[in-house]
Structure formats: structure tokens, C-alpha cells
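Residues per chain, in single letters:
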Amino acid sequence: MKFRQTNSPPVVAAKVSFSSSTAYRLEKDLRLPSQKKSPRQRRRPDPLANVFVLEVVPMLKAALLLQSQLAAVLPARHEVVGL
């Protein structure tokens, strides 16, 4: 708030287009908003955690197996395609 060096909070607020209460609040706490936030915690357990472990993880492992088999069979094409 460069304006704050010479003006009062209500005047500064009017110049930068926000309310005077916001100007007072910002003047009171000089930390950035990113420094104020604490990491958000889950409010309830993940409903898809079991599905992920039971179905998605095996699919990903199978895809890795398929990828390694393709690399063994077609090594030149594997590099070009980027699998």
C-alpha cells in the first residue's frame, strides 16, 4: 500500500477500490493471504479410496507391464512414440 504512506486507510481504500474495513484489516495484519492459510484437511474419508486400491492400482500395474512388453518387442518405435 504505497498510498498508505501519505493517506489514511479510508482514503487509500477509495483510491484502490475496496472498502475501508478491508484497508484497516490489511493494515492490521501485514502477512500475505498465502501465508495465513493453513493446509486444508479432509472433512470426511475419501469414498473412492477402496475403489482406487482394488481397481485402479491393478490397472496401472498392468499398463506398466504392457508398456515394458512393448518396449522389448518394438524398441525403436517405443522411443518415437514415447510410451
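See the structure above.
All figures in this text were calculated on a predicted structure; none of them were measured in a lab.

Draft legend 1. Representation of the overall build of the protein chain in the model. A count of helices and strands for the protein chain gives five helices and zero strands. Helices (α) and strands (β) of the protein chain occur, in sequence order from the N terminus, as α-α-α-α-α. When the accessible surface of the protein chain is summed, it comes to about 7500 Å², and 62% of that surface belongs to carbon and sulfur atoms.

Draft legend 2. Quick look at helix H1 (residues 9-16). The set of residues buried in H1 consists of Pro 9, Val 12 and Ala 13. Along the axis of H1, the buried positions cluster into a sector of 100 degrees, meaning they face one direction only. Residues of H1 that are buried in the fold lie against helix H2 (20-28). Following H1 by one or two positions, Ser 17 adopts a phi angle in the positive range, close to 65 degrees.

Draft legend 3. Structural view of the pattern of salt bridges. Evaluation of the coordinates by the stated rule reveals two salt bridges. Across the pair Asp 29 and Arg 31 runs a salt bridge, and its minimum N-O distance is 3.2 Å. A residue is classified by how much of its surface remains accessible, and Asp 29, at 25% relative accessible area, is partly exposed. Among the ionic contacts, a cluster of salt bridges with common partners joins Asp 29, Arg 31 and Lys 36.

Draft legend 4. Examining a nonpolar patch on the surface more closely. Taken together, the side chains of Phe 52, Val 53, Leu 54 and Leu 60 make up a nonpolar region of the molecular surface, amounting to roughly 420 Å² of accessible area. The topology assignment puts Phe 52 in helix H4 (residues 49-73). Judged by its relative accessible area of 43%, Phe 52 falls in the partly exposed class.

Draft legend 5. Structural detail: unusual backbone geometry. Within the chain, Ser 17 stands out as a residue other than glycine whose phi angle is a positive 65 degrees. Tracing the backbone shows Ser 17 in the loop between H1 and H2.

Draft legend 6. Highlighting the side chain of Asn 7. Looking at the element boundaries, Asn 7 is found in the segment before H1. A polar contact is formed between the side chain of Asn 7 and the side chain of Thr 6, at a distance of 2.9 Å. Contacts of Asn 7, omitting those with residues within four sequence positions, involve Val 12 and Lys 15.

Rules used throughout
Residues numbered from 1 in each chain as written. Predicted model: local features only at pLDDT ≥ 70, side-chain atom pairs only at ≥ 80, totals over all residues. Heavy atoms only, no water. Helix = DSSP H or I, 4+ residues; strand = E, 2+ residues; numbered from the N terminus. Areas by Shrake-Rupley, 256 points an atom, 1.4 Å probe, with all protein chains shown as cover. Buried < 20%, exposed > 50% of the residue type's maximum accessible area, 1.4 Å probe, protein only. Arc of directions from axis to C-beta. Contact = heavy atoms within 4.5 Å. Salt bridge = Lys/Arg side-chain N within 4 Å of Asp/Glu carboxyl O. Patch = residues over 30% accessible without salt bridge, like charges linked within 9 Å, V, L, I, M, F, W, Y side chains within 5 Å. Polar contact = N/O pair within 3.5 Å; in protein donor to acceptor, adjacent residues only side chain to side chain.

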